[in-house]
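A look at the structure
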Amino acid sequence: MWIPTEHEKYGVVLASFRGTVQHGLSLEIGDTVQILEKCEGWYRGFVLKNPNAKGIFPLSYIHLKNANIKNKGQFETVIPTEDSVITEMTSTLRDWGTMWKQLYVKNEGDLFHRLWHVMNEILDLRRQVLVGHLTHDRMKDVKQHITARLDWGNEQLCLDLVPRKEFSMVDPDEISVTELYKLMEHRHRKKDTPLPASTHHLFVQMKSLMSSNLGEELEVYFSIYDSKENRPISERFFVRLNKNGLPKSPEKTERQCTLFVDLGSSDLRKDVYITVHIIRIGRMGAGEKKNVSNVQYRRPFGCAVISIADLLTGDSKDDHILKVYTCNTESEWYQIHENIIKKVNARYNLTGSNTGLAVSLQLLHGDIEQIRREYMVLFTRGVAITKKLGFSDIIMPGEMRNDLYVTLEKGEFEKGGKSVARNVEITVFLLDCDGQVLKNYVSAGSGEPAGDEFHSFVLYHNNSPRWAEQIKLPIPVDRFRGSHVRFEFRHCSTKEKGEKKLFGFSFVPLMQEDGRTLPDGTHELIVHKCEENANLQESARYLKLPFSKGNLPGNNQAVKTTKESFWITSFLCSSKLTQNGDMLDLLKWRAHPDRITDSLSKLKEIDGSEIVKFLQDTLDTLFGILDENSQRYGLKVFDSLVHIINLLQDSKFQHFKPVMDTYIESHFAGALSYRDLIKVLKWYVDRIIEAEHQEHIQQVLKATEYIFKYIIQSRRLFSLATGGQNEEEFRCCVHELFMSIRFFLSQESKVASPITQTQAVFLKTFPAVYCELLKIFNVREVANFVRETLGSLPVIAHADCPLEAVKLQCIAKTVESQLYTNPDSRCILLPVVLHHLQMHLQEQKDLVMCARILSSMFSLIRKDGTTEVSISEEVDLIVESLLGVLLRTILEITNRPQPAGTALRLQFQDVTGEFVACLLALLRQMTDKHYQQLLESFSNKDDLRDFLLQIFTVFRILIRPEMFPKDWTVMRLVTNNVIITTVLYLSDALRKNFLNDHFDYKVWDSYFYLSVIFINQPCLQLETFSPSKKKKVLEKYGDMRVMMGCEIFSMWQNLGEHKLNFIPAMIGPFLEVTLVPQPDLRNVMIPIFHDMMDWEQRRSGSFKQVEAKLIDKLDSLMSEGKGDETYRELFNSILLKKIERETWRESGISLIATVTRLMERLLDYRDCMKVGEVDGKKIGCTVSLLNFYKTELNKEEMYIRYIHKLYDLHLKAQNYTEAAYTLLLYDELLEWSDRPLREFLNYPMQTEWQRKEYLHLTIIQNFDRGKCWENGIILCRELADQYETYYDYRNLSKMRMMEASLYDKIMDQQRLEPEFFRVGFYGKKFPFFLRNKEFVCRGHDYERLEAFQQRMLNEFPHAIAMQHVNQPDETIFQAEAQYLQIYAVGPIPESQDVLQRDGVPDNIKSFYKVNHIWRFRYDRPFHKGTKDKENEFKSLWVERTTLTLVQSLPGISRWFEVEKRELIEMSPLENAIEVIENKNLQLRTLITQCQARQMQNINPLTMCLNGVIDAAVNGGLARYQEAFFVKDYIINHPEDGEKIGRLRELMFEQAHILEYGLAVHEKFVPQDMRPLHKKLVDQFHLMKSSLGIQDFPAYVRASPVHFTNGSPRICRNSVPNAISPDGARVIARRSPLSYPAVNRYSSSSLSSQASNEVSNITGQSESSDEVFNMQPSPSTSSLSSTHSASPNVTSSAPSSARGSPLLSDKHKHSRENACLSPRDRPCSAVYPNPQDPTQRMITHQIGENSLPRSDPNLSTPEKVVNPTPSSWSLDSGKEANTQFSETVGKLVSPPVPPRPQHQGSPARNMRPLSPVPTPRSPQKTSIQSFTPSPTECQSSGLVSNSPVLSGSYSSGISSLSRCSVSETSGTEAQPSEHMLTTSTSSGSDELTRRENKTPPPYSVYERTNSRRPVPLPHSLSVPVSSDPPALPPKPHQLRSGKLESEGRRASEQGPRPRPLPRKVSQL
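Residues numbered from 1 in each chain as written. Predicted model: local features only at pLDDT ≥ 70, side-chain atom pairs only at ≥ 80, totals over all residues. Heavy atoms only, no water.

Points about the overall build of the protein
What the protein contains, in helices and strands, is 64 helices and 42 strands. Nonlocal contacts in the protein, meaning residues at least 24 apart in sequence, comprise 75% of its contacts between residues at least 6 apart. Carbon and sulfur atoms form 50% of the exposed surface of the protein, whose accessible area is close to 85,000 Å². (Helix = DSSP H or I, 4+ residues; strand = E, 2+ residues; numbered from the N terminus. Contact = heavy atoms within 4.5 Å. Areas by Shrake-Rupley, 256 points an atom, 1.4 Å probe, with all protein chains shown as cover.)

Considerations on the sheet that holds strand β29 (residues 521–526)
Here we have four strands laid out as an open sheet, ordered β26-β23-β31-β29, and antiparallel in their pairing. Single-partner strands in this sheet number two, and they are β26 (466–473) and β29. Recorded for the sheet is a direction-independent mean angle of 25° between the axes of neighbouring strands. Relative to strand β31 (residues 565–574), strand β23 (residues 402–412) runs antiparallel, the two being bridged by ten bridges. Pairing of Asp403 across the sheet is with Cys573, part of β31. (Pairing = 2+ DSSP bridges. Axes fitted to C-alpha atoms, helices over the stretch in contact; angles between N-to-C directions.)

Observations regarding the packing of aromatic side chains
Each aromatic ring pair is specified by the distance between its two centres and by the angle formed by the two planes. Counting across every chain of the model gives 75 aromatic pairs. Taken together, a centroid distance of 6.0 Å and an interplanar angle of 75° make the contact between Phe744 and Phe762 edge-to-face. Placement of Phe744 in helix α20 (residues 727–745) and of Phe762 in helix α21 (residues 754–765) is noted, with a sequence separation of 18 residues between them. The same class applies to Phe744 and to Phe762, which are both buried. An aromatic cluster is built from Tyr674, Phe708, Phe718, Phe730, Phe738, Phe744, Phe762, Phe766, Tyr770, Phe777 and Phe785, whose rings are joined through pairwise contacts. In this structure, Lys709 packs its charged tip against the face of Tyr706, placed 4.5 Å from the ring centre. (Phe/Tyr/Trp six-rings, centres within 6.5 Å; stacked < 30°, edge-to-face > 60°. Buried < 20%, exposed > 50% of the residue type's maximum accessible area, 1.4 Å probe, protein only. Lys NZ or Arg CZ within 6 Å of the ring centre and 35° of its normal.)

Some details on the environment of Gly1541
Inspection of the secondary structure puts Gly1541 in helix α56 (residues 1537–1564). Considered as a pair, Gly1541 and Phe1525 are 16 residues apart in the sequence and their alpha carbons are 9.3 Å apart.

Some thoughts on the sheet that holds strand β30 (residues 528–529)
Taken in spatial order, the five strands make up an open sheet running β25-β24-β27-β28-β30, and their pairing is antiparallel. Both edges of this open sheet fall to β25 (453–455) and β30, since each of them pairs with a single strand only. Taken together, the nine bridges between strand β27 (residues 484–492) and strand β28 (residues 500–509) define a ladder with antiparallel strand orientation. Following the sheet pairing, Cys492 is matched in β28 by Lys500.

What about the pairing of strand β3 (residues 32–39)?
The side chains of a regular strand alternate, first on one face of the sheet and then on the other. Buried residues dominate β3, accounting for six of its eight residues. As paired strands, strand β1 (residues 3–4) and β3 are joined by two bridges and run antiparallel to one another. Each residue of the ladder has a partner; that of Ile3, found in β3, is Lys38. Two strands pair when backbone bridges link them, and strand β2 (residues 10–13) and β3 are joined in this way by three bridges, in the antiparallel orientation.

Overview of the packing of helix α33 (residues 1001–1015) against helix α36 (residues 1067–1074)
Where α33 meets α36, the closest approach of the two axes is 9 Å, and the angle between their N-to-C directions is 25°. One finds that α33 runs roughly parallel with respect to α36. The handedness of the crossing between α33 and α36 is left-handed. Across the interface between the two elements, Phe1008, Val1012 and Ile1015 from α33 touch Pro1069, Phe1070 and Val1073 from α36. When grouped by side-chain class, the residues that make up the contact of α33 with α36 number six nonpolar, no polar and no charged. (Parallel < 35°, antiparallel > 145°, perpendicular 65-115°, else oblique. Left-handed = near helix turned anticlockwise from the far one by under 90°. Nonpolar A, V, L, I, M, F, W, Y, C, P; charged D, E, K, R; others polar.)

Quick look at the nonpolar core
As a rule of thumb, soluble globular proteins bury nonpolar side chains together. Counting 305 residues, the largest nonpolar core has Tyr710, Met857, Phe915, Phe1008 and Phe1070 as its most contacted members. The dominant element in this core, judged by the number of residues it contributes, is helix α28 (residues 868–895), at twelve residues. Each residue touching Phe1070, except ones within four places of it in the same chain, is listed here: Phe1008, Val1012, Ile1048, Trp1052, Met1085, Ile1088, Phe1089 and Met1092. Core analysis: the second largest hydrophobic core is formed by 52 residues, Cys303, Ile336, Leu404 and Phe480 among them. (Core = buried A, V, L, I, M, F, W, Y, C linked by side-chain atoms within 4.5 Å.)

A short note on the side chain of Ser1467
Positionally, Ser1467 belongs in the loop between β40 (1455–1466) and α52 (1468–1491). For Ser1467, a relative accessible area of 11% corresponds to the buried category.

Structure, rendered in structure tokens:
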């Protein structure tokens, strides 16, 4: 049975539990759980981070912890009782753990490792705290360390700043807002701007001396030297080095490193140096031999210096190598450091090039205790302390120091009978009064212990040596009196004995008889001569002698004039001894009563350090004198006391204030002094107004605090002694004193008058008196004193008066004092404080101090049950006095311009934050009663309106992101909680006072605006928080967004008909609110849109405004990242449900559907625009959105914006053609007008003409970069027309040149033909703009099917590639997945007339094959019915699919959606016809190229001939005969009679083309290929016999083969004539099998084997895998013995499929070999090789009448044939013009824009042309004739007697084109005129008619003339065309023509997307 737990409430998981049992709760190690129930070893409860999931878990997995329970019962909460720091550590480490892993994922390795170390450190510290064995101080240090680490980590991870008080987190509800703000600001400033330390310390560690000439021990002395004052400012640090230059005692670190302590900030400057003096211990001369006596001398070695400023700039932890210098002259050793500093190079040089001193130097900042804590290792390891000379900048009481520093300066000695100067050494001893040497009191420096004596260094042969060596004598105070220092002088001999002979001594006593010590300064000592040491043993004998020449009596001239002297400098640093006689006189006043007045007067002249040394003694002396004779000395003693008190105000001595406080509390005994002190103080105050000089009085008033301390303490002592006598008298005296003070304070005077300054001085010290008064008077009395005193101050008179600032400072100290803390006194003081504050705030002066006062006031107001009434009254007073002025102040200071780059909150001068905190504190304290009183206090509605507007504006300011630093989330949440509470109170006032008749739009609008920005604050978006942070916020405040949303809805419902005022203004803001991802908020707010639609419908009958505003705002808001798919569905469902019963339901549904569809596209657009997405997806999505704005919404501005976004995407992806088309959309919205346009996007303000001109130029540039020059020419001409209109010939010239350059590029530069791919996107996981749609995509250059497939799979990495080409079923459409179906398709060009026209260069034609393409097709072969294994052609059908797009390619995108699919099936016969037609076309092309010498080698022709002939011999064509020419097929398919005839014609035609091809092949075949040629000829005979052809029929012999330039004529259109049964009627029909001039890929007539051979030779083969992944060749071999496919057969099966799924495996191999990919297909004349730009068609330039073309090598009479009408000839200029006018506008873009026709003179001389291309003439050109249609047959049988049309080639000379490629013929032709007849043509008289007799087929080899023309079979003759093609129109006519043709095509093919109305754009 489950029992609720009593004490087992909280625990930590010890091991992970999977929760696999029924109702089990999965746990992870470290989780904290709350336990609800218990049962037999199991607990039931939940994990605190997810309280909604409850379950059971084993008892043994949980470690229980103590916890407190709040709200015991169903909704109880558990609070751990552990230390708050531990709790914070635990939760913080959990949050860090998650983020730490993310750092690794983001590759932020540096922070990852640093955080890892800090987390481990915190865990170690946590263990120490949990163990509980730390001392109190150590625990404090550990917690401080923990919190510092936590703050560091939070800052690095951009987490929130945690407010703390004594290391513990602060609950914002437990403290006032002002206190919270102070904590936050303190922590923030501490983090940002650490205060500079005033005390510094220098750490020095001696490492080694590196030198090559060592060998003796060394002494190294460090000191700090002030070069400005030329004196050392510190003691010396002394290190001994061994002979290797290393420290002598390496194990004793205190002898190697030191800390120079107590350096002031003024010491860290450039002219302060660290000096290093090095002394060697050894022989006199460095090069001397070692003497026998082994006497050691201290001798100079070298010196080094470094500036302290160098340590401030560089890395102070690095080791420094100091250069060591030595002086050139030994006598200048004493100043070598100065010479080095001053760089007097002549006096020193380097001791050696490799000599250097290695030291470690580091500056440490802070007081010494802080250094001890931060650098504990230094002090535990051992470090010598080196002090400053003298006291530090701050003297601490209790600092015991008694150091005498003696510097051995110089000496003057006589030779003493020597021929050379002496080598003088000084030995220093310290002796006591008994003459005994004091042991261990002579110190050379701080590093080594002190010794008994000191030996100076020796200067060689110098009678005037200068040492400048400093020693320290740390003598105890009690041994100072009677002690003296003795200096013994010895001559050091350099002889072998090495003796040191004493020749004199000096001494100096340390204290004079009157108790004064040796004065600081230089002393010239007398050198007393002596020779034996015995004379110095009894010090009493020589102490009677004079010691200094300065204090000798005048009659002792003998000693004074002695030549020998010794100079020393002494400096005493003592906290107990004095050198001042005046000080001693004052302290011994009783011995000299007559000197009291003089001594008191001289006290002010005594140095402050002397006074503070004897502070207690001095004060006792003063009060002793006062008690002795107060009448006489009262004023003097008072002044002296004031001097001492003010002395302690100095920063150097301020630490002695506690000493004086202790004295007053414990040692002061003047019980009667209060009377005299009050009397003298009142006397001074009364004299203030009359006194001329206020300085002394101001000094008195500065000391008011301590004077009152003495007065009060004296009175207490008196009361204790007398039992409280004279109490009334004392009170009266104090009252009188305050009356005098109030009187002088009430005086008003000029701004800078002395009295004003005196008032200011008093006010500064006055608050310090309160505490002293409280010791005797009660709280209310003191409060009245203060109130009356502050109340007596004059009101503000002068804005710049210094008294005003001081007055506020006084009030601030009052509010912060203990007096104000007491509620009894606070109620007395509050009115006067508020009065002064209100005055200052109204004037906007001294805001910093006002903010400080307010903060202190609000910090004291807490919600305490016991004093609720008093607090309520205080809040009443504050609200009444300050609320309005506080709001105005915040508005004022927030509207001030802020300094650039300065954070709003973090400047000390900026007080906005403090005022905000005060306002929040006040509002938080206000209750219902306060709000009611506040609202009732407004006399009229205007005042209430102004107040509401003001407070709403302030709230909007408080919500600004820059109001607080970004990591102050705690402060922001408190602010928002206060705001929403206040708004809820004020909304009632809004409803009651400003609705119905009193409606005020401005107030309501301000309210709604505030509510909206409140909800949208980043700090309230809980979805972005971590789970733990979100949980805390929800527990403490709930979701404030939902609360505010409900309030908005409630207020909106109250508006009634006034809602119309907010439509459409509030649509955008409310929409922004609904986009917040909070379900409850959305459910509340979305219905408001229904309300808006309803009211708008009532007002105007529609809701166009609502729709427009919704659409506009949706775009901007969703592009900012707001909204999601859930919102779209919720918006749709809620509003549809709401409008179900409305009368306007249909229009509402339409609006909702439109908005929903827009959301779909905007969400897709946002997802696609994410970083990392591919450009293709971005472009496709943008096109979808752009079209939506254009077609469905008609939003011009948004449409134009997205045009430019799309343009930028195209430029980034280098899709220059698409970029040009995109920009053209905007260009077409503009007109050539002078209307001004506003500034928009990146366009400046300009006229419409200028913007259109700029767009034109930009588009031309992009067309040029995209190699789409034909389109650029159109725009060039349009722009040129404009320039011509405005007579801008300069720009016109440039434009014509640009146009010319584009023509050149068309002819000269190579363009690649792109592949096209059909892509289907199936499945619900695709974005809306792709989902279940199919597109055709224009591939990139060189992009094949495999590469395209891979690219698409990379763009959609989750997509599955479909392995078939069949249309998918509904299951695929609805699948929750992504399926891609990709295969290649072939374009169907629109511009047939250009492609079919003869003479148009291939460079031009290639453009029209792949541009402006609307339709694409692909073929799929399949077998219908029973498959004949012997001959599969019988059942081989082809399924042909034609795809029509919504827009032509290329366009504004690389892909467009398929609008229409058309599917037809081609019968096996039709397939066979098309296969042979294509093969014939291929053969003609190769023959033409071979004859024109365009082929590099003849191999392609060889292979093609071989493939066709060999396949035919092996049964290729025979298969067709077996399939379709048998009687059974003809009987079963009577309708195919014509087609069978057509197939028979094509087969015979192929045979004839092969015969002609062999003839051409014979001319060009190389010698080594002759055997193959012979084999082909032989096989050709076999082929003819297999077809049953012994000789060509008469109709074949009668008509020659028409070839351009002597090659077979290329037939573009298969237009046979249907023969009527009677054989007389000619019916023009087009076979459904043939696509005229669109067969981009020739079919192969090769067998499997031959096709492989061709591939191997030409190098164009691919693997079979590649073949089937790419678009395969449309057909298989027409002559193959296995099977043949139709043209353009397409397979998109993957490499694993190996062929069509409908073909059996045994046929796959042949298909793979036969199907070539698009780029591998043989080039044709129609579709020439794009890599051969030199390909040209050679033509004759002839007259209006010309002969048919045949072999150019024949003589002129031989060339004459029966002239027949030509369907492609230009009969006259008139006809041509007629045809031209009919076709204007049909072409999209011209290859060569024609000019007006000119009749040229006929060429009289015609000569045959060589097959080799000749250089073209730029002047004399000809028009190439149009391409003929495919041949037609005029009889049903193979033999016909009907007349045929000859393939004559005639043309007139014209200057229409300058792109001709031939020279003028040399043979003169007679003019003739062609007449259009069916059988004959009439010509000129010169032309003779002759019968066209054709020789036997192979007689070509027997003739001497190898260039005899080959006759054309009848089937190749050209029929009459009733509608001949027209000339291409001019480019400027094309654009309109294009629109017309596209419009016609659109009407034929179905509706197209409507363009925007051609209105003049405002943009």
